[in-house]
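Now for the letters of each chain:
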Amino acid sequence: MTQALPLFIVFNPRSGHGDADDVQRTIETVLQDAGRRHTLLRVQSPAQLAAIAEQAAQQAQAAGGALVAAGGDGTLNTVAQAALRHQLPFGVLPQGTFNYFGRAHGVPEDTQAAVAALLDAQIEPTQVGQVNERIFLVNASVGLYPQLLEDREAFKREYGRSRLVALWAALVTLCSAHRPLRLALQTGGQTQQVRTPTLFVGNNALQLEQTGLAHAALEQGSLVAVTLEPLGTLALLGLMLRGAFGQLGEAASVHSFACQHLRVQPAAPFGRARMKVATDGEVGLMRAPLVFQVAPQRLQLLKPRATETAG
């Protein structure tokens, strides 16, 4: 019975637009009023996040409880890593800009409603992606998209967190100089050489649907890989507009395919030993080759029941 699970909540106050203290009070008030046992661990700096997630996971495992992430998709990713490692039920309280993971699984974006939905959520095994040793809930990518994310974070630090700021940062990134990647993509026993400004691998039906790349592959246990043909700045801006209107899949320069296992290697001689990779909005370096795949373990997601989802 999930109603009896003590909750161990990793709260990242740097996510979201509202007052972090108000968010924390809301979380604790709803849980206290419901008589639900809980422990809230507040992250004071980004460097602490992984360690606090591991600490919370160990406490949850010892108490027979569930691990909960309160933050944006990047925070959810880090806490989900710990939940998978310890095979714990995993809940989310979305606090980010886009909240693709929570929205795709019917979790309310309002904090009070999300906590209420968590109280009697049901466990649903949920597919996650993996690139090398790192999982991703929403997407993983190389090339232009990681650069866009780094620029977006810089703009957010300067101008605050909003979808308008994210759009502005994307425009600046696309107007900057960039080189296409030369990649060897191997999947299903076949290898193809591509030149592309970015390789994007999606695991979130909502994000793909909103950009016009809806694909049945996710429901069939696969990931969706997307490449673009080399394009100039104006053409890239045009693709961004298509994506904003949900028409990206109609563009002739956009190619997508389903895969359960995709090996990616820089194709040029003396190709890079390490590549910049973004997973759920967090950017880091990984050693090539990159192997994107459906993770062998499923995340034990605490998903709102149908009545909460509809609300």
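Bear in mind that the values here come from a model prediction, so they are computed numbers and not experimental data.

(A) Here's a closer look at the packing of aromatic side chains. Per the stated rule, a full pass over the model turns up one aromatic pair. Note on F98 and Y100: the rings are 5.7 Å apart at their centroids and 0 degrees apart in plane angle, and the pair reads as stacked. By relative accessible area, which is 13% here, Y100 ends up buried.

(B) Representation of helix α2 (residues 49–63). End to end, α2 covers 21 Å across 15 residues, agreeing with the expected 21 Å (1.5 Å per residue, within 8%). What α2 keeps buried is the set L49, I52, A53, A56, A57 and A60. On an axial view of α2, the arc spanned by its buried residues comes to 140 degrees, and they lie on one face. Away from the buried face of α2 by more than 90 degrees, exposed residues A51 and A62 are located. Of the surrounding secondary structure, the elements contacted by the buried residues of α2 are β1 (7–11), β2 (38–42), β3 (66–71) and α3 (73–86). Where α2 ends, the next residue or the one after it, G64, has phi of about 65 degrees, a positive value.

(C) Just the sheet that holds β1, in detail. Strand order in the open sheet formed by six strands is β2-β1-β3-β4-β18-β5, with mixed pairing between adjacent strands. Only two strands of the sheet have a single neighbouring strand rather than two, namely β2 and β5 (122–126). Neighbour-to-neighbour, the strand axes of this sheet turn through a mean angle of 30 degrees, independent of strand direction. Relative to β2, helix α1 (residues 20–33) is tilted by about 170 degrees, and along the sheet it contacts β1, β2, β3 and β4 (89–94).

(D) How the structure looks around the pattern of salt bridges. Applying the stated rule across the entire model yields five salt bridges. A salt bridge links D22 to R25, with the nearest nitrogen and oxygen atoms 2.2 Å apart. Remark: R25 and D22 occur in helix α1; sequence separation between them is three residues, near one turn of the helix. By relative accessible area, D22 is classed as partly exposed at 39%. Judged by relative accessible area, which is 48%, R25 ranks as partly exposed. Taking the shortest distance from any N to any O, the salt bridge between E54 and R85 comes out at 2.9 Å. Taken together, the positions of E54 in helix α2 and R85 in helix α3 put the pair 31 residues apart, joining distant regions of the chain. We classify R85 as exposed; its relative accessible area is 52%.

(E) Quick look at the confidence of the model for the protein. Residues at a pLDDT of 70 or more form 86% of the protein, whose mean pLDDT is 88. Within the model, pLDDT remains below 50 along residues 307–311, and this stretch shows three contacts once partners closer than five positions in the same chain are excluded.

(F) Local environment of the sheet that holds strand β10 (residues 190–196). What the six strands build is an open sheet, ordered β7-β6-β17-β14-β9-β10; its pairing is antiparallel. The open sheet terminates on both sides in strands that have one partner only, identified here as β7 (134–136) and β10. Direction aside, the axes of adjacent strands within the sheet are offset by 25 degrees on average. Bridge count for strand β14 (residues 261–266) against strand β17 (residues 290–294) is four bridges, and the pairing is antiparallel. From the neighbouring strand, L262 faces β17, where its bridge partner is F292.

Reading the values: rules and limits
Residues numbered from 1 in each chain as written. Predicted model: local features only at pLDDT ≥ 70, side-chain atom pairs only at ≥ 80, totals over all residues. Heavy atoms only, no water. Phe/Tyr/Trp six-rings, centres within 6.5 Å; stacked < 30°, edge-to-face > 60°. Buried < 20%, exposed > 50% of the residue type's maximum accessible area, 1.4 Å probe, protein only. Helix = DSSP H or I, 4+ residues; strand = E, 2+ residues; numbered from the N terminus. Expected span 1.5 Å × (residues − 1). Arc of directions from axis to C-beta. Contact = heavy atoms within 4.5 Å. Pairing = 2+ DSSP bridges. Axes fitted to C-alpha atoms, helices over the stretch in contact; angles between N-to-C directions. Salt bridge = Lys/Arg side-chain N within 4 Å of Asp/Glu carboxyl O. pLDDT = per-residue confidence, 0-100.

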